[in-house]
Structures are given as C-alpha cells and as structure tokens.
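Below are the chains, spelled out letter by letter.
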Amino acid sequence: MKPASANMLCQNCRETYWTLIRQLGHVQLPALRSIMLRQASIGTTEHAPGRGNAPLPINTRAQDLIADSEAWLAEQAGKIRAAYAGYAWRKAWYAIISNRHTILNMSTAADDYANLQRIVRRNEQALTPEEAMVIIGSCPKCGHQATSTPQAETWACPDCKWQGGVQAVKAERDNKLWQLEYTGKPIEVARYLAKMDIHCTSSQIRQWLTRGKLHATPTKHKGEYVFNLGEITAMLDCHN
Ligand SMILES: [Zn+2]
Ligand SMILES: [Zn+2]
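Conventions we followed
- Residues numbered from 1 in each chain as written.
- Chains lettered and ligands numbered in written order.
- Predicted model: local features only at pLDDT ≥ 70, side-chain atom pairs only at ≥ 80, totals over all residues.
- Heavy atoms only, no water.
- Helix = DSSP H or I, 4+ residues; strand = E, 2+ residues; numbered from the N terminus.
- Expected span 1.5 Å × (residues − 1).
- Buried < 20%, exposed > 50% of the residue type's maximum accessible area, 1.4 Å probe, protein only.
- Pairing = 2+ DSSP bridges.
- Core = buried A, V, L, I, M, F, W, Y, C linked by side-chain atoms within 4.5 Å.
- Contact = heavy atoms within 4.5 Å.
- Salt bridge = Lys/Arg side-chain N within 4 Å of Asp/Glu carboxyl O.
- Donors = N, O, S within 2.8 Å, 3.2 Å for Na, K, Ca; no water.
- Tetrahedral: all angles 85-135°; square planar, octahedral: opposite > 155°, others 65-115°.
- pLDDT = per-residue confidence, 0-100.

Caption draft 1: The arrangement of helix 5 (residues 109–127) in detail. Helix length check: helix 5, at 19 residues, gives a terminal C-alpha distance of 26 Å against a target of 27 Å (1.5 Å per residue), a fit within 8%. Among the residues of helix 5, those classed as buried are Ala-109, Ala-110, Asp-112, Tyr-113, Leu-116, Ile-119, Val-120, Arg-121, Asn-123 and Glu-124.

Caption draft 2: Looking closely at the sheet that holds strand 5 (residues 181–184). Strand order in the open sheet formed by three strands is 5-7-6, and the pairing between neighbours is antiparallel. Two strands lie at the open edges of the sheet, namely strand 5 and strand 6 (217–218), each paired on one side alone. Examined bridge by bridge, strand 5 and strand 7 (residues 225–228) share four bridges and lie antiparallel to one another. The partner of Gly-184 across the bridge, within strand 7, is Tyr-225.

Caption draft 3: Region of the structure containing the nonpolar core. Judged by nonpolar contacts, the single largest core of 30 residues is most densely connected at Tyr-17, Ile-21, Trp-72, Leu-73, Ile-96, Ile-103 and Leu-116. Of all the secondary-structure elements, those providing two or more residues to this core are helix 1 (11–46), helix 2 (60–80), helix 3 (89–97), helix 4 (100–104) and helix 5. It is helix 1 that contributes the most residues to this core, eight residues altogether. Once residues within four sequence positions are removed from consideration, Trp-72 is found in contact with Tyr-17, Ile-21, Leu-24, Ile-96, Asp-112, Asn-115, Leu-116 and Ile-119. With 18 residues, the next largest nonpolar core counts Val-189, Ala-190, Ile-198 and Phe-227 among its residues.

Caption draft 4: Spatial organisation of the pattern of salt bridges. Across all of its chains, the model carries six salt bridges by this definition. Its salt-bridge partner being Asp-68, residue Arg-122 comes within 2.9 Å of it at the nearest N-O pair. With Arg-122 in helix 5 and Asp-68 in helix 2, this pair connects stretches of sequence that are 54 residues apart. By relative accessible area, which is 34% here, Asp-68 ends up partly exposed. The shortest N-O distance in the salt bridge between Asp-197 and Lys-170 comes to 3.0 Å. Linking Asp-197 in the loop between helix 7 (186–195) and helix 8 (202–210) with Lys-170 in helix 6 (residues 166–176), this pair joins segments that are 27 residues apart in sequence.

Caption draft 5: A look at the coordination of the zinc ion (ligand 2). Coordination of the zinc ion (ligand 2) by the protein comes from Cys-139 (SG), Cys-142 (SG), Cys-157 (SG) and Cys-160 (SG), over a distance range of 2.3 Å. Each of the four donor atoms bound to the zinc ion (ligand 2) contributes to angles spanning 102 to 114°, and the resulting shape is tetrahedral.

Caption draft 6: The confidence of the model for the protein, seen in detail. Mean pLDDT over the protein works out to 86, with 87% of the residues at or above the 70 mark. Ranking the helices and strands of the protein by mean pLDDT puts helix 3 first, with 97, and helix 1 last, with 82. Scored below 50 in pLDDT, residues 43–57 shows five contacts in the model against residues more than four places distant or in partner chains.

Caption draft 7: Unusual backbone geometry, seen in detail. With a phi close to 70°, Lys-161 is a non-glycine residue in the positive phi region. Following the sequence through the fold, Lys-161 ends up in the loop between strand 3 (154–156) and strand 4 (163–165). On the accessibility criterion, Lys-161 (61% relative accessible area) is exposed. Look at Asp-197: it is not a glycine, yet its phi comes out positive at around 65°.

Here's what the structure looks like:
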C-alpha cells in the first residue's frame, strides 16, 4: 500500500473524480441497466417459456460493466461505513454523493480514482454507438488499433494494457499521416478522416483540388483521386 501522501489528489483530479462519480450513478448505470433490461425483455417475448431452451439474449457485456461499476460503488460506500457495503447500488451511490469530503480525502483516493477512470471509460465506450467511435491511432507499445469516444482524454490498450493520453497517441498518428494514402472521392476521404476525428468537408477538398493546393493523383475512375492524408491535414491546420 502506498503512503497516504502518494494518494493525495490535486484540485484538478478532485474535480474530475467527483464528475466521474456523478456520471457513474446519474448517467451510466441507469443507461447500462436499461440496455440490459431491454435485451432481457426482448428475449422473453421471443421465446415463449417451455418452448426449447434458447438462452435469453441478455447483453453479457452490459452485465459485466454493471457488476464492475456496482462493485466499485459498494467498495467506496463500505469505506465510509462498513454497513454501507451491503447497500444496493443506488443507495451506495447516494451515500458516496453525500460524503464528498470523506471520499475525496480517503487514504486510497488516488487508486480509487484510477480504478473509477477505467470503469467509466469502459462504460462510456459501451454506451457510444460504434459509428461515433474515432480511430485515434495505434498503441505505441503493441500497435493495436486505438479507438475511443470523441471526448476521451486517456486511452488504455485492450491488448497490452498500455495507458496514455489521447493527444499523444493522435500526435504520433498525425506524424505518420504523410505516409498514408487514401484512394477515393473527396466525400469518401472526408468521411475517412472524420473517423479519425479530423474534420473537413468534401467541398473544402474539391476547392483545394481546383486551386492546385493538393497534389492528389486522379485515378481512371471519375471523381476519384489518390490523396495523401498528411497533405490534407496540413491544409486544414493552416485554414483553421
Ligand atoms: Zn492531479
Ligand atoms: Zn498495446
């Protein structure tokens, strides 16, 4: 166990910590629970009881996330008062919310905060539709593709567990964009870049093409080019 001083949170972390606690009980757990219940009730209407033994298509991922989230709440509540550890999640969450000072000054606060960050990030990812996820780059340690929610600040590799800031991963990716080509129409390259959280419009790209600002090579298909992604982002940097 670390000395208590190593577990002190700075003002910034204390505020983020508190926001995450509120988010967990106020937004994420209710949302995850409704996903799970919805799936369960779809299951019961589709499979009449007694007819075959098709398992209920309960979203096991949502179930795991709920279990982890509730375990975290129970642990914290139990640290406020041992009896609180047995509370149902909502009561545990209320106990935490009404003991702000105790929670923020807990000798284990830094570790609790780190654990909560991981939990909230995983929940957020599960609650974000696939098409809203952005490719921020790849893991600096193992090369695994790094996808996250657009608002994430840190990223953890699901493969090798490497952790770091999203900005650093993105910067690394952007350095390599000059080595990347994309073949397609302006609208397609714009959509592809949007997946990386780089935003430009197809009309912007068409304009740069007309003005000779992009050195994209036309292919034999009408309206299609081989684009250099570094060149497009460099144009964006000097126009935004
Ligand atoms: Zn801090
Ligand atoms: Zn990795």
